[in-house]
Amino acid sequence: MTQLKAKLDAQVEFRHAIAENPAMFYEQYILGEISLEEFKVKQQKIRQAAEHQKAIELEIEECEQVYSRFSRLCKVRDKELPLSTIMDEIHNIIVDGGRKIMIYWK
């Protein structure tokens, strides 16, 4: 999770660094300082950075949800929370003849 947050922080810094530059890139293009191809490449890099940042944010959100669920399960196991707090996440509980308990999650 810390690695994901570090990646996101790096992406955010990159986005802030280039956030001011789209207008500058356009000005450079208009003034003839860069070609149309260079302008398009720089625009594409900005779009890719935005998509990459969104993917990292989604991955962090997913990890936080998994961690939250795991944390609740541990608290139930340690009897800090009642079993009823996780019952809505359980699909089926099967106890076989060998006294093995299998829990199927939703």
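Refer to the structure printed above.
This section reports on the structure supplied with the text. Counting restarts for each chain: residues are numbered from 1 in the order of the written sequence. The model is predicted, so local features are restricted to residues of pLDDT at least 70 and side-chain atom pairs to those at 80 or more, both for listing and for counting; the totals for chains, interfaces and linings are taken over all residues. To obtain the side-chain values, all non-hydrogen atoms of the structure were used and water was disregarded.

### Re the overall build of the chain
Across its full length, the chain holds three helices and two strands. Along the longest, intermediate and shortest principal axes, the C-alpha atoms of the chain span 80 × 25 × 20 Å. A total of 106 residues make up the chain; the buried ones form 18% of that total. Looking at the chain alone, contacts between residues at least 24 apart form 42% of all its contacts between residues at least 6 apart. Each charge class in the chain was averaged separately, 16 positive and 18 negative side chains, and the resulting centres sit 9 Å apart. In this description a helix means any DSSP run of H or I spanning at least four residues, a strand means any run of E spanning at least two, and both kinds are numbered starting from the N terminus. Accessible area is worked out with a 1.4 Å probe on protein chains only. A residue is then buried under 20% of its type maximum, exposed over 50%, and partly exposed in between. Residue contacts are counted whenever heavy atoms from the two residues lie within 4.5 Å of one another. His is not counted, nor are the chain ends, whereas Lys and Arg count as positive and Asp and Glu as negative. A single reference atom marks each charge: NZ on Lys, CZ on Arg, CG on Asp, CD on Glu.

### Notes on the pairing of strand β1 (residues 90–95)
Examined bridge by bridge, β1 and strand β2 (residues 101–105) share five bridges and lie antiparallel to one another. Bridge pairing in β2 places Asn92 opposite Tyr104. The hairpin formed by β1 and β2 contains five residues between the paired strands, and Arg99 there has a positive phi angle of roughly 65°. A strand pair is defined by DSSP finding two or more bridges across the two strands.

### Quick look at a nonpolar patch on the surface
Taken together, the side chains of Leu83, Met87, Ile93, Val95, Ile101, Ile103 and Trp105 make up a nonpolar region of the molecular surface, amounting to roughly 650 Å² of accessible area. Among the elements of the structure, β1 and β2 are those that each provide at least two residues to the nonpolar patch. Counting residues per element, the nonpolar patch draws most heavily on β2, which supplies three residues. Here Ile101 is to be found in strand β2. Overall, the relative accessible area of 56% leaves Ile101 in the exposed class. Each patch is built from residues that are more than 30% exposed by relative accessible area and take part in no salt bridge. Like charges join if they lie within 9 Å; nonpolar side chains (Val, Leu, Ile, Met, Phe, Trp, Tyr) join within 5 Å. Where accessible areas are quoted, they stem from the Shrake-Rupley method and a 1.4 Å probe; at the residue level, only the protein chains shown are allowed to cover. The term salt bridge refers to a pairing of a side-chain nitrogen on Lys or Arg with a carboxyl oxygen on Asp or Glu at a separation within 4 Å.

### Some words on the packing of aromatic side chains
When the centres of two rings from Phe, Tyr and Trp lie within 6.5 Å, Trp using its six-membered ring, the rings pair. Their planes under 30 degrees apart give stacked, over 60 give edge-to-face, and anything left gives tilted. Applying the stated criterion across every chain yields a total of two aromatic pairs. An angle of 20° between the planes, with centres 5.5 Å apart, marks the rings of Tyr29 and Phe39 as stacked. With Tyr29 in helix α2 (residues 21–30) and Phe39 in helix α3 (residues 36–77), the pair connects residues that are ten residues apart, well separated along the chain. Judged by its relative accessible area of 28%, Tyr29 is partly exposed.

### Examining the pattern of salt bridges
This structure, assessed with the given rule, holds three salt bridges. Between Glu89 and Arg69 there is a salt bridge; the shortest N-O distance is 2.9 Å. Of this pair, Glu89 sits in the loop between α3 and β1 while Arg69 sits in helix α3, and the two are 20 residues apart along the sequence. With a relative accessible area of 12%, Glu89 lands in the buried category. Look at the salt bridges and you will find they share partners, linking Arg69, Arg72 and Glu89 into a network.

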